[in-house]
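# Close look at the chain arrangement
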Amino acid sequence: MALPNKVKKLLSQAEQLSDYRDCSGYFYKWLQNEFSKQPVSNLINARAEFIDRLLIKLFHDFDLAHESDLALIAVGGYGRGELHPYSDIDFMLLVSEQPSDAVCEKIGQFVTMLWDLNLEIGHSVRTIEQALEQKREDVTFATSLLESRLIFGNHIEFEKLKMHLIDTPIWRSDEFFLAKVQEQQLRHKKCHGTAYNLEPNIKENPGGLRDLQTIIWVAKKHFRAETLQELINHGYLTHEEYQELSECLENLWNIRFALHIAAGRSENRLLFDHQPHAAEILGFGSDGKASVERMMKRLFRIMSRVRELNQMLLSYFEQSILPGAGELPVVELDRNFERIGHQIRVKNPSVFFRRDQLFVLFEHIADNPEITHIYPSTIRTMRQVRRRLLGDLQDYAACREAFLRLIKHPNGMGRAFTLMHKHGIIAAYLPQWRNIFGQMQFDLFHAYTVDEHTHKLINNIYKYFDKSRVSEFPLCSEIVTRMDKPELLYLAGIFHDIAKGRGGDHSELGSVDALAFAKLHRFPASDGKLIAWLVGNHLLMSVTAQRKDINDPDVIKDFASKVKNERQLDYLYCLTLADIRATNDNLWNDWKNTLLRELYLHTQRALRLGLENPMDQRDQIRDKKRQAKQRLLNLGCNEDQIDLIWSRFKANYFTAFSEQQISWHTEHLLNSTDLSQPSVMVSDTAMHGGTQVFAYSPYSGGLFARLVSVIGSKKAQIQHAQVLTTKDGYVLFSFVILEVNGDPIASGRAQSIKRALDLAINDPKKKIRFKKNRSQRFKDFNIKPKIVLRPHARKDRSLIEIQAVDIPGLLTKIAEVFQAHLLHIHAARITTVGERAEDFFVVSNNEYQALTDEEQAKIHQALRKKLNAETE
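Everything numeric in this text was worked out from a predicted model, so none of it was measured.

### Observations concerning the overall build of the chain
- When you go through the chain residue by residue, the secondary structure sums to 37 helices and 16 strands.
- Residues counted as buried form 56% of the 872 residues belonging to the chain.
- Of the contacts made within the chain by residues no fewer than 6 positions apart, 71% connect residues no fewer than 24 positions apart.
- In the structure as shown, the chain presents an accessible area of about 38000 Å², 48% of it carried by carbon and sulfur atoms.
- Where the 114 positive side-chain charges of the chain centre and where its 110 negative ones centre are 4 Å apart.

### Quick look at the packing of helix α26 (residues 540–547) against helix α27 (residues 553–563)
- It is the contact of α26 with α27, at a shortest axis distance of 11 Å, that shows an interaxial angle of 180 degrees. One element, α26, and the other, α27, form an angle in the roughly antiparallel class. Of the residues in α27, those in contact with Leu540, Met541 and Thr544 of α26 are Val555, Phe559 and Lys562.
- When grouped by side-chain class, the residues that make up the contact of α26 with α27 number four nonpolar, one polar and one charged.

### Here's the deal with the sheet that holds strand β3 (residues 121–127)
- Strand order in the open sheet formed by four strands is β3-β2-β1-β4, and the pairing between neighbours is mixed. Every other strand in the sheet has two partners, leaving β3 and β4 (149–153) as the edge strands with one partner each. On average, each strand axis in the sheet is tilted by 25 degrees relative to the strand beside it, whichever way the strands run.
- By the bridge criterion, seven bridges tie strand β2 (residues 89–95) to β3 in an arrangement that is parallel. What sits directly across from Val95, in β3, is Thr127.
- Helix α3 (residues 40–61) contacts β1 (70–74), β2 and β4 of the sheet and is inclined by roughly 25 degrees relative to β4.

### A closer look at the environment of Pro744
- Checked against the element boundaries, Pro744 lands in the loop between β12 (730–738) and α35 (747–762).
- Distance from Pro744 to Ala716, taken between C-alpha atoms, is 9.5 Å for residues 28 residues apart in sequence.
- Each residue touching Pro744, except ones within four places of it in the same chain, is listed here: Ala686, Thr691, Leu738 and Glu739.

### Some details on the nonpolar core
- In terms of nonpolar packing, the biggest core is built from 188 residues, with Phe110, Phe317, Phe359, Phe362 and Ile494 touching the most fellow members.
- Take this core: its biggest share by element is 15 residues, from helix α14 (residues 289–321).
- Once you skip the residues sitting within four places of it in the chain, Phe362 turns out to touch Ile374, Met382, Leu406, Ala416, Leu419, Met420 and Ile425.
- Core analysis: the second largest hydrophobic core is formed by 49 residues, Phe735, Ile737, Ala804 and Phe818 among them.

### A closer look at helix α18 (residues 415–422)
- Those residues of α18 that sit buried are Ala416, Phe417, Leu419, Met420 and His421.
- Looking one or two residues past α18, Gly424 carries a phi angle of roughly 75 degrees, positive in sign.

### Concerning unusual backbone geometry
- For Arg224, which is not a glycine, the phi torsion comes out positive at approximately 55 degrees.
- Residue classification places Arg224 among the partly exposed residues on the basis of a relative accessible area of 47%.
- The residue Lys715 is not glycine, and still its phi comes out positive at about 60 degrees.
- Its place among the elements puts Lys715 in the loop between α34 (703–713) and β11 (717–725).

### Regarding the sheet that holds strand β5 (residues 330–332)
- Spatially, four strands are ordered β5-β6-β7-β8 in an open sheet, and the strand pairing comes out mixed. The sheet is open, and its two borders are formed by β5 and β8 (373–374), each paired with just one other strand.
- Of the strand pairs in this sheet, β5 and strand β6 (residues 337–340) are connected by three bridges, and their pairing is antiparallel. Along β6, the bridge assignment pairs Val331 with Arg339.
- Here helix α16 (residues 376–388) sits on the sheet and contacts β7 (343–346) and β8; the angle it forms with β7, its principal contact strand, is near 55 degrees.

### With respect to the packing of helix α12 (residues 239–263) against α14
- At a minimum axis distance of 10 Å, the contact between α12 and α14 shows a crossing angle of 135 degrees. On the basis of their axis angle, the class for α12 and α14 is oblique. Crossing handedness for the pair α12 and α14: left-handed. Each of Glu241, Glu244, Leu245, Glu247, Cys248, Asn251, Leu252 and Ile255 in α12 lies in contact with α14, whose residues at this interface are Arg298, Leu299, Ile302, Arg305, Val306, Leu309, Met312 and Leu313.

### Let's talk about the pattern of salt bridges
- Enumeration over the complete set of coordinates arrives at 54 salt bridges.
- The closest approach of N and O atoms between Arg387 and Glu244, which form a salt bridge, is 2.5 Å. Of this pair, Arg387 sits in helix α16 while Glu244 is found in helix α12, placing the two residues 143 residues apart along the sequence.
- Owing to a relative accessible area of 4%, Glu244 belongs among the buried residues under this scheme.
- Its salt-bridge partner being Glu308, residue Arg386 comes within 3.0 Å of it at the nearest N-O pair. Taken together, the positions of Arg386 in helix α16 and Glu308 in helix α14 put the pair 78 residues apart, joining distant regions of the chain.
- By relative accessible area, which is 26% here, Arg386 ends up partly exposed.

### A few points about the confidence of the model for the chain
- Across the chain, pLDDT averages 88, with 94% of residues at or above 70.
- Per-element confidence in the chain ranges from a low mean pLDDT of 73 for strand β15 (residues 824–833) to a high of 98 for helix α23 (residues 486–495).
- Overall, residues 773–778 carries pLDDT values under 50, and its contacts beyond four positions in sequence, including any with other chains, amount to 14 contacts.

### A word on the side chain of Gln568
- Mapped onto the secondary structure, Gln568 falls in helix α28 (residues 566–581).
- From its side chain, Gln568 meets the backbone oxygen of Val563 in a polar contact 2.7 Å long.
- Residues within four places of Gln568 in sequence aside, it is in contact with Leu530, Trp533, Leu534 and Val563.

### Topic: the packing of aromatic side chains
- Under the definition given, this model contains 33 aromatic pairs.
- Aromatic pair Phe337 and Phe352: ring centres 6.2 Å apart, planes at 50 degrees, arrangement tilted. Linking Phe337 in strand β6 with Phe352 in the loop between β7 and α15 (357–367), this pair joins segments that are 15 residues apart in sequence.
- Ring pairs connect the aromatic residues Phe359, Phe403, Tyr429, Phe495, Phe517 and Phe523, which therefore count as one cluster.
- Lying over the aromatic face of Tyr448, Lys456 brings its terminal NZ or CZ to 4.7 Å of the ring centre.
- Its guanidinium or amino end placed over the ring of Tyr730, Arg648 lies 5.1 Å from that ring's centre, counting from NZ or CZ.

### Quick notes on the state of the cysteines
- Within the structure shown, the criterion is met by zero disulfides.
- With no disulfide of its own, Cys574 lies 4.0 Å from the sulfur of Cys476, the closest cysteine sulfur.

### As for the environment of Ala263
- Within the secondary structure, Ala263 sits in helix α12.
- Taking relative accessible area as the criterion, Ala263 reaches 16% and is therefore assigned buried.
- Taking the C-alpha atoms as reference points, Ala263 and Ala278, separated by 15 residues in sequence, lie 8.6 Å from one another.

### Concerning the side chain of Gln803
- Within the secondary structure, Gln803 sits in strand β14 (residues 798–805).
- Side chain to side chain, Gln803 and Glu801 meet in a polar contact 2.8 Å long.

Conventions we followed
- Residues numbered from 1 in each chain as written.
- Predicted model: local features only at pLDDT ≥ 70, side-chain atom pairs only at ≥ 80, totals over all residues.
- Heavy atoms only, no water.
- Helix = DSSP H or I, 4+ residues; strand = E, 2+ residues; numbered from the N terminus.
- Buried < 20%, exposed > 50% of the residue type's maximum accessible area, 1.4 Å probe, protein only.
- Contact = heavy atoms within 4.5 Å.
- Areas by Shrake-Rupley, 256 points an atom, 1.4 Å probe, with all protein chains shown as cover.
- Lys, Arg positive; Asp, Glu negative; His and termini not counted.
- Charge placed at Lys NZ, Arg CZ, Asp CG, Glu CD.
- Axes fitted to C-alpha atoms, helices over the stretch in contact; angles between N-to-C directions.
- Parallel < 35°, antiparallel > 145°, perpendicular 65-115°, else oblique.
- Nonpolar A, V, L, I, M, F, W, Y, C, P; charged D, E, K, R; others polar.
- Pairing = 2+ DSSP bridges.
- Core = buried A, V, L, I, M, F, W, Y, C linked by side-chain atoms within 4.5 Å.
- Left-handed = near helix turned anticlockwise from the far one by under 90°.
- Salt bridge = Lys/Arg side-chain N within 4 Å of Asp/Glu carboxyl O.
- pLDDT = per-residue confidence, 0-100.
- Polar contact = N/O pair within 3.5 Å; in protein donor to acceptor, adjacent residues only side chain to side chain.
- Phe/Tyr/Trp six-rings, centres within 6.5 Å; stacked < 30°, edge-to-face > 60°.
- Lys NZ or Arg CZ within 6 Å of the ring centre and 35° of its normal.
- Disulfide = S-S within 2.5 Å.

In structure tokens form, the structure reads like this:
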């Protein structure tokens, strides 16, 4: 595409740095204005042409054009003539021999000018021998040379280089192919093997531009093909597939171009910050989440198609390029299918006219662990079948029977399910799955699209049955061995989020879908009800464990009454754990594991006792005291002294803590020389899934704020907090803290935190400082703090619930408001999910009574003002 005449004129007349900047500024404005008016391919070619002209002009300005042995060569994407608005400009100066000092100085001035123009450049000065040596050592450099293009200068040296690249045996086709495949595998691994991250990398993610370029690079190296279209003549692509790849490439270019404009820099990750602006630039609208959802669904569908075609073509290439790859032994599986190496192949494509044979293919994969992939010709056939479907596969009775066989197969939900998801068979079977394919989740803690999250959940459940993973999922591995119908757990997993994005309560809507599925597939009514109940209540256990006091017998009784029986408890626990672990790779930790496990065991005990005969609180306290005292006596502690300390504690202390924590607290207090003085202890090792902090002090209204400030200043996360008072006016603080990555605090760090807490509790005048470092990553979610005040189960208490972005010092700010209004904090539950905090506080006013309406209004207003100011 021709550049605008004004750009050419400005460039030809440029003399000073300011002239070049004016010219570049005008060109970039033109580039952005033209984006909505013409194909993106024209614009990325136009930027390459502009840079060509700019470099040639500067080459003359710095008197390099007269150096006869210099060749200015574009490499990489620039060599292809493809430059997005802020893409790096990679070029090589090819020389016949090492340049003189005078020429080196000119080259330095030339490069400095490019930097002064704020261009991101990658450059090198090499002889042909140096270039070939670098090519030998670096496959990335070898790849960039494949796409080299002469911009200006010595064409003879450039032709020599091209000839050497073709004729020398460095990086033979098979070596190059294997290197590029390994490079792609490593790149995919960094993205956790999925294209469906909520902030995908347009270049690097599976199904991104690099996957397309890998096909082109291999084709150039082995087949001497310059374009994808030439692969049609070689028999590797059909005309339809070529059109599809070209369309995908154009779409990825559009999105990357818009991303560069939105970010104002070279950026390949479609971060949350840039998604709304990019969606608007691309014409998806400016209605916030809705426009972003439309854009991202388009992107994820494109990436899915690219990834599938990439796999198919690389498999074809492997057969042609690698010695012996096309001569693998053939093993017959049945009259329709055979295994070739690690791939399954259909013998006759017409077999899929019987749609149930699609599922028979995956049954063979489940039967044969050595099958890891689908043969490329079979992928092509499956793609054609998908496109010709007139309805859903579940409409066919034979498909329903085959699907049920697969879901009941011991290995059916492992690799077989993964490949069904990857190749669009689940979406072709379940219409609801198509709705969640590429569905975004705007909740701060999900890292994947709904369909990919669900796929990971199913994979987690499948791991429960793997004997080599018992140590990873001990309780779940034990539970599933007694499960009579594991397929019901898998189906609950498939449907648990299937109604997301429709509006309304996705649990309720998904429950209706699950029941309809069960009826269509002729499940017994009781099984259908169980699946529907699990889908409808799949958040119940997580919410209870993370937001309520699971040591409270009333909480356990209420939860048990909703679960009803041990069978449903087993299924719900396994589903909940798989769900949380599939949400975000960084959110699962031993603390959450401990919470869920303890809730499961407490509820199991309650159900076995019978809901009509719940364990009395006095019995619970008696049991804990007995076990804790035995621990202490074994350590040589005096029983009378133990009883003396315990006599100061109220009953709620013994219900709030485990016997292990009670004995640990008591041992510490027994070793204290003066119980009238405050003291702090921090566990050296994890206890109940986290590092425990216990503080004992005469009551002080501002002490909670000081303690949480210290913990925050040490960059530790509070997972749980408990505040209790003794009968004689002392206060007990208990915290569970973790590192930012979810691990317990290391021993050395624990002692550092203890020293800081000791200082804070003994010197109330000392100031506590720590830097504010709020992440900007989720600012476009525009989440305002949510503050709810409601009555507590105790008539003399009030409950305050706060949901907010987890800014540093959040707890301190909350505690400062409580202190200013003379509130007493009796208990606190701190939950952090992603970058969102969900905190619950049980409080009373200065007279130890529930908050009046007037007090509630004042507290609400003060908290909202404080937290809004902090999050803006």
